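For reference, the chains in residue letters:
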Amino acid sequence: MIEIGGRSWHLIDRGASKPAVIFESGISATCLNWSQVRAQVDGFARACTYDRAWLGWSDPAKSPRTASTIVAELHALLEAARISPPYILVGHSFGGLLVRAYAAKYPSQVAGLVLVDPLSPNEWLHASPAHARMLRLGVTLSKRGALLARIGVVRAALALLMGGGRVVPQWIARLSSGRGESVISRLVGEVRKMPPEIWPMVGAHWCLAKSFVGMAEYLEALPASAAQAAALGEPAAIPVIVLSAGDAPPQLLKERDGMVHRSPRGRHIIARKSGHWIQLDEPELVVESIREMVGWTKPS
């Protein structure tokens, strides 16, 4: 736990070999999401995972959860932890947007990027009515989830789902959102891909109202984050490896091809066996991509 400005930030710092590999999670995920990958990367590099404000073991924050704020907080955390650049930044989904923004803001500190099915600023810069409705629903359900967590309903639903039960959690979901499948059950589906020893920790986090409030904060700020990331522009002259989900839409694949083509050194890999959470579906593919980037960026 590292104190910055009166708030505590949770950081896991393992391994010693340079360069330092910094992991940035998806919009509502914690450092635990990288457990399988980090455990292998710290054998050949310094591997650092952390929890953003509101999530995991880190404290809440009063400032809006926009990309510029998060990048500034990560910069302050790395300085406070005495983790020296240059860094290889690894970002999943929303985390991909953040590490690109970091590289654009601090280009001299970043040796390379590994983007794991990254979120594109264009997806939310000019959100379609359908995307805007989806975002509003996500914020509403997150706030409702915070209420359910405070009265113990989330704890009960998670316990049943982790044990394989579905009838009662689906009944709870219909009461809370009018739908038979809830955010909770989708999260549990991804959690089950993690090592079993991780499950209780993830479950404990999502029993806290704080986690749902944080998710609402990040979702509400997503359009502003997209605008800020777009304004920073594309990082210049930085090697990049992009991993795309097997079911990624063609327009995203084309955009990522262009990103790799404009990089001084790059590669675009389609993870055919993976959905959006490539680090859970094919962790070895993410590890090998990071190993490749470390090889590219180490002095000869």
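Residues numbered from 1 in each chain as written. Predicted model: local features only at pLDDT ≥ 70, side-chain atom pairs only at ≥ 80, totals over all residues. Heavy atoms only, no water.

Enquirer: Pulling in residues and values, what's your account of the overall build of the protein chain?
Expert: The helix and strand tally for the protein chain stands at 14 helices and nine strands. When burial is assessed residue by residue, the protein chain has 54% of its 300 residues classed as buried. Taking contacts inside the protein chain between residues at least 6 apart in sequence as the whole, the part at least 24 apart equals 76%. Accessible surface, the protein chain: about 13200 Å² in total, of which carbon and sulfur atoms supply 57%. (Helix = DSSP H or I, 4+ residues; strand = E, 2+ residues; numbered from the N terminus. Buried < 20%, exposed > 50% of the residue type's maximum accessible area, 1.4 Å probe, protein only. Contact = heavy atoms within 4.5 Å. Areas by Shrake-Rupley, 256 points an atom, 1.4 Å probe, with all protein chains shown as cover.)

Enquirer: I'd like a description of helix H9 (residues 199-206), backed by residues and values.
Expert: Among all positions of H9, only Val202, His205 and Trp206 are buried. The buried residues of H9 occupy one face: seen down the axis, they fall within an arc of 95°. (Arc of directions from axis to C-beta.)

Enquirer: An account of the nonpolar core is requested, with residue identities and associated values reported.
Expert: In terms of nonpolar packing, the biggest core is built from 62 residues, with Ile22, Ile83, Phe94, Tyr102 and Leu113 touching the most fellow members. Looking at this core element by element, the count peaks at seven residues for helix H3 (residues 94-105). Excluding its chain neighbours within four sequence positions, the residues that come into contact with Tyr102 are Val71, Leu74, His75, Leu78, Tyr87, Leu89, Gln109 and Val110. Listed in part, the 23 residues of the second largest apolar core include Val41, Ile269, Ile278 and Val287. (Core = buried A, V, L, I, M, F, W, Y, C linked by side-chain atoms within 4.5 Å.)

Enquirer: A description of the pattern of salt bridges should follow, citing residues and the corresponding values.
Expert: Across all of its chains, the model carries 10 salt bridges by this definition. One salt bridge connects Glu73 with Arg65, and the closest N-O pair in it is separated by 2.8 Å. Taking the shortest distance from any N to any O, the salt bridge between Lys143 and Glu220 comes out at 3.3 Å. A residue pair is termed long-range when its members are at least 10 positions apart, and Lys143 in helix H5 (residues 129-150) and Glu220 in helix H10 (residues 209-220) qualify at 77 residues. Residue class for Lys143 comes out partly exposed when judged on its relative accessible area of 47%. A single network of salt bridges, built from pairs that share partners, joins Arg100, Glu234 and Arg262. (Salt bridge = Lys/Arg side-chain N within 4 Å of Asp/Glu carboxyl O.)

Enquirer: For helix H14 (residues 283-297), give the residues involved together with the corresponding values.
Expert: For H14, with 15 residues, the first-to-last C-alpha span of 21 Å sits near the 21 Å given by 1.5 Å per residue. Listed in full, the buried residues belonging to H14 are Pro283, Val286, Val287, Ser289, Ile290, Met293, Val294 and Trp296. (Expected span 1.5 Å × (residues − 1).)

Enquirer: Quick one: what's the story with the environment of Arg7, residue by residue and with numbers?
Expert: Structurally, Arg7 is set in strand E2 (residues 7-9). When the C-alpha atoms of Arg7 and Pro60 are compared, they prove to be 7.9 Å apart, with 53 residues separating the residues in sequence. When sequence neighbours within four positions are dropped, the list of residues in contact with Arg7 reads Ile2, Asp59, Pro60, Ala61 and Lys62.

Enquirer: A description of the sheet that holds strand E7 (residues 110-116) should follow, citing residues and the corresponding values.
Expert: Read across the open sheet, the seven strands follow the order E3-E5-E4-E6-E7-E8-E9; overall the sheet is mixed. The open sheet is flanked by strand E3 (11-14) and strand E9 (266-271), the only strands paired with a single partner. Geometrically, the sheet is characterised by an average inter-axis angle of 15° between neighbouring strands, direction not taken into account. Direction of pairing for strand E4 (residues 20-24) relative to strand E6 (residues 87-92): parallel, over a ladder of five bridges. Bridge pairing in E6 links Glu24 to Gly91. Lying over the sheet, H14 contacts E4, E6, E7, strand E8 (240-245) and E9, oriented at roughly 170° with respect to E8. (Pairing = 2+ DSSP bridges. Axes fitted to C-alpha atoms, helices over the stretch in contact; angles between N-to-C directions.)

Enquirer: Before we move on, could you go through the side chain of Thr49 and cite the residues and values that matter?
Expert: Within the secondary structure, Thr49 sits in strand E5 (residues 46-50). Among all residues touching Thr49, those that are not within four sequence positions of it are His10, Leu11, Ile12, Phe23, Cys31, Trp34 and Arg38.

Enquirer: So what's going on with the packing of aromatic side chains? Residues and values would help.
Expert: What the rule picks out here adds up to five aromatic pairs. Between Tyr102 and Tyr106, the ring centres sit 4.9 Å apart and the planes meet at 50°, which makes this aromatic pair tilted. In this structure Tyr102 comes out as buried when scored by relative accessible area, which is 1%. Relative to Phe212, the ring of Trp206 lies with its centre 5.0 Å away and its plane at 75°, an arrangement referred to as edge-to-face. Of the residues examined, Trp206 reaches a relative accessible area of 8% and is grouped as buried. The rings of Tyr87, Tyr102 and Tyr106 are connected pair by pair, giving a single aromatic cluster. The aromatic ring of Tyr218 is capped on one face by Arg52, whose charged end is 4.9 Å from the ring centroid. (Phe/Tyr/Trp six-rings, centres within 6.5 Å; stacked < 30°, edge-to-face > 60°. Lys NZ or Arg CZ within 6 Å of the ring centre and 35° of its normal.)

Enquirer: Give me unusual backbone geometry: which residues, what numbers.
Expert: With an omega of 0°, the peptide bond between Lys18 and Pro19 qualifies as cis. On the secondary structure map, Pro19 appears in the loop between E3 and E4. Phi angles above zero are rare outside glycine, and Arg82 is one such case at about 60°. Note that Arg82 resides in the loop between helix H2 (67-80) and E6. The backbone of Asp117 sits at a positive phi, close to 40°, despite the residue not being glycine. Checked against the element boundaries, Asp117 lands in the loop between E7 and helix H4 (121-125). With a relative accessible area of 7%, Asp117 lands in the buried category.

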